Amino acid sequence: MSVIIEQVSRTFGNQTAVRNVSFEAEDGEIVGLLGTSGCGKSTILRAISGLDEGYDGKVNVNGKTSRGVSEDLGIIFQEPRLMPWLTVLDNVCFGLSGDKKEKREKAKALLEKVGLGGFESYYPKQLSGGMAQRTAIARALVTGPDTLLLDEPFSALDAFTKLQLQDLLLQIWETDHPTMIIVTHDIDEALSLCDRIIILKGQPGVVDKNIKLTKTKPRRKGDPELAKLKEDILRSLNTTHSGDEKGA
Amino acid sequence: MALSQGHEAQAGVMPAHEKQKTERRQRLPGIPWGSMGLSLLLPVILLGGWELSARFEWVDSHLLPAPTVILQTIFAMAADGSLWQHVGITLYRIFWGFVWGTGAALVLGSLVGMSRYAEAVFDPSIQAIRAIPSLAWVPLFILWLGIGEGSKVTLIAVGVFFPVYLNVIGGIQSVDRKLIEVGRAYGMNTITLIRRIILPASLPSFLVGIRSGLGLGWMFVVAAELMGASQGLGYLLVLGQNTLRPDTILASILLFAVLGKVTDAFLKKLQQRALHWQDSAQQK
Ligand SMILES: Nc1ncnc2c1ncn2[C@@H]1O[C@H](COP(=O)(O)OP(=O)(O)OP(=O)(O)O)[C@@H](O)[C@H]1O
Ligand SMILES: [Mg+2]
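Values in this document were obtained by computation on a predicted structure and should not be read as measured data.

Re the interface of chain B and chain A
Contacts between the two partners involve 27 residues from chain B, matched on the other side by 29 residues from chain A. Contact between chain B and chain A buries roughly 2600 Å² in total, counting both sides, with carbon and sulfur atoms accounting for 62%. Counting across the chain B and chain A interface gives three salt bridges. For A:Arg81, the salt bridge is made with B:Glu181, and the minimal N-O distance between the two is 2.8 Å. Our count for the chain B to chain A interface comes out at nine residue pairs in polar contact (both at pLDDT 80 or more). Listed by contribution, the elements that provide at least two residues to the side of chain B that touches chain A are helix H1 (2-13), helix H9 (177-185) and helix H10 (190-226) of chain B. Among the elements that line the side of chain B that touches chain A, the one with the most residues is H9(B), at eight residues.

Overview of the environment of B:Gly159
Residues and elements named next belong to chain B. Within the secondary structure, Gly159 sits in helix H8 (residues 149-173). Looking at Gly159, the relative accessible area reads 3%, which means it is buried. A sequence separation of 58 residues divides Gly159 from Gly101, and the C-alpha atoms of the two residues are 7.5 Å apart. With residues up to four places along the chain from it excluded, the contact list for Gly159 reads Leu216 and Phe220.

Some words on the coordination of the magnesium ion (ligand 2)
Residue and element names in this part refer to chain A. The protein atoms that coordinate the magnesium ion (ligand 2) are Ser42 (OG) and Gln78 (OE1), at distances of 1.9 to 2.7 Å. In this pair, Ser42 is assigned in helix H1 (residues 41-49) and Gln78 in the loop between strand E6 (73-76) and helix H2 (88-93), connecting sequence segments 36 residues apart. Accessibility expressed as a relative area gives 24% for Ser42, which makes it partly exposed. What makes Gln78 partly exposed here is its relative accessible area of 32%.

Quick notes on the domain arrangement of chain A
All names here are of chain A. Per the domain assignment, the segments of chain A are domain 1 (3-72 + 146-244) and domain 2 (80-144). Each of domain 1 and domain 2 has a C-alpha centre, and these two points are 25 Å apart. Taken together, the contact pairs nine residues of domain 1 with 10 residues of domain 2. Scanning the region where domain 1 abuts domain 2 turns up zero salt bridges. Taken together, the links from domain 1 to domain 2 amount to one residue pair in polar contact (both at pLDDT 80 or more). In terms of residue count, helix H5 (residues 159-176) provides more of the side of domain 1 that touches domain 2 than any other element does, four residues in total.

With respect to the side chain of B:Glu225
Residue and element names in this part refer to chain B. You can see Glu225 is positioned in helix H10. Given the relative accessible area of 0%, Glu225 is considered buried. Here the side chain of Glu225 touches Leu233 through a polar contact of 3.3 Å, landing on its backbone nitrogen. What Glu225 contacts, discounting residues up to four positions off in sequence, is Thr90, Arg93, Gln231, Gly232, Leu233, Gly234, Tyr235, Val238 and Phe256.

Remarks on the packing of helix H4 (residues 67-80) of chain B against helix H5 (residues 82-114) of chain B
Residue and element names in this part refer to chain B. Between H4 and H5, the least distance of the axes is 5 Å, while the angle of their chain directions is 95 degrees. Taken as axis vectors, H4 and H5 run roughly perpendicular relative to one another. Contacts from Ile74, Met77, Ala78 and Asp80 of H4 reach H5 at Ser82, Leu83 and Trp84. Across the contact of H4 with H5, the residue classes tally to five nonpolar, one polar and one charged.

A short note on the sheet that holds strand E9 (residues 196-201) of chain A
Picture the strands of a sheet paired through backbone hydrogen bonds; they go either parallel or antiparallel. Residue and element names in this part refer to chain A. Strand order in this open sheet of six strands is E6-E7-E8-E3-E9-E10, and the pairing throughout is mixed. Every interior strand has two partners, whereas the edge strands, E6 and strand E10 (206-212), have only one. Taken pair by pair, the neighbouring strands of this sheet meet at an average axis angle of 15 degrees, ignoring direction. Where E9 and E10 come together, six bridges link them in antiparallel fashion. The residue of E10 that forms the bridge with Ile197 is Ile211. Along the sheet, helix H4 (residues 129-141) makes contact with E6 and strand E7 (147-151), crossing E6 at roughly 175 degrees. Along the sheet, helix H7 (residues 224-236) makes contact with strand E3 (30-34), E9 and E10, crossing E10 at roughly 175 degrees.

Quick notes on the rules
Residues numbered from 1 in each chain as written. Chains lettered and ligands numbered in written order. Predicted model: local features only at pLDDT ≥ 70, side-chain atom pairs only at ≥ 80, totals over all residues. Heavy atoms only, no water. Contact = heavy atoms within 4.5 Å. Buried area = accessible area lost by both parts, 1.4 Å probe. Salt bridge = Lys/Arg side-chain N within 4 Å of Asp/Glu carboxyl O. Polar contact = N/O pair within 3.5 Å; in protein donor to acceptor, adjacent residues only side chain to side chain. Helix = DSSP H or I, 4+ residues; strand = E, 2+ residues; numbered from the N terminus. Buried < 20%, exposed > 50% of the residue type's maximum accessible area, 1.4 Å probe, protein only. Donors = N, O, S within 2.8 Å, 3.2 Å for Na, K, Ca; no water. Domains from an automatic or database assignment. Axes fitted to C-alpha atoms, helices over the stretch in contact; angles between N-to-C directions. Parallel < 35°, antiparallel > 145°, perpendicular 65-115°, else oblique. Nonpolar A, V, L, I, M, F, W, Y, C, P; charged D, E, K, R; others polar. Pairing = 2+ DSSP bridges.

Written out as structure tokens, the structure is:
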């Protein structure tokens, strides 16, 4: 499904968080929203998801301009947001409807995929941060959404798990080709996953650059072309020290 | 990945109990029954001293009968059947008072917790009524409802109502907005949100509420039975006073303590069962 955002602005009280943001995600495209902390990335994602309806401008998902939430969207939040009273398995089943047995089969298969096979009966309090986030990822994927919105899904994870989950995401993309909008402030992550990178800047946040990446995936980390692009992005984000690009 | 983390997680979950046990043992070295024995020490000494001083007439046993005499009084009442009558009617009153109080608090608390309008309509009045010490209602209830069961159950229900009401509202209003958003993202309607997120999330607070509600219920059953009852543990208090039988009074007090403790333990068990998922500090 395509997502088109036209002239979206959002004002909280008298403070404008983002102003006149427009971009487009074509069907099956992975779009990265890149920007420094507080420039309005989550705000835009919330507007797309329909959880926030107080924005100006237009959000068009799959040809329909609407303001409410749509069930074809899967969302992965910045935090796991698991229901503490449900087991891992029931948390993954949370958004599914229909036959109980079928739901459980589906959820089990996805938990297997995110490396949580055998933890079905654990409660969230028994999980590490990374395991909790992986459960949340499984919960979003289990409905097989046509569009996935991801708000810094891996930022709380260790580098190793992060790479694994990025691979998982690419795997899923290869089989189902969902449209994805992924918020991140990890430039490497954006470069290895995205077909298009939108750079947001300033406060209020505005679109600074819209870069299309044509290189085929999976991409090698040390690729010279990507390295040059990273330089460019860093420069436009005004972080002169190359060690600064990974905020927490 | 899954394997190695499996070990980690189990290692993290299992030894927590072990650790606590060993810690407790280390804290009280050399005492055979551990902390249990230590906390029994003082009551045993006190009871022994009481028994002795009553036996040897160091205190006037007409005013303070020995613990064994109190137990005998209870056994005698059990033998002639009057004990079950008194305990039964008291439990009956507190049960219905508790049910009505909790039910009303649940309905009104949920309404006020969920809707701004309901809050504006009901909450100020309820808070104003709360400011009245509940015992002040007794004469009015007796006047309105007679000295029968109605007035007693109503009074107990009023006592149970407020802690439950406040905790239901508190629980609902403190549900994490972020969890509700997850439900909304799946397109759930308000009813489904309430059933699947708001209710379970506010359950801990509700259970705290009914436990303190029950505590107040016991207090109010005493008050209700002190004034115009012809049966019940509270009536035994009055009877003991009027017939100069401190053993009857103390027997009644003892029964209140035991029943209060047992019913609370029951709710506590329920609480632990229902909230085993909670990540709280006092849990082992
Ligand atoms: N509910 C809100 N009420 C008031 N201001 C808000 C609210 N949500 C966001 N803001 C403001 O909007 C701006 C953008 O916030 P947003 O959460 O979108 O940033 P972000 O780019 O996602 O940052 P981060 O990378 O740290 O998550 C911030 O200045 C913030 O103070
Ligand atoms: Mg954010």
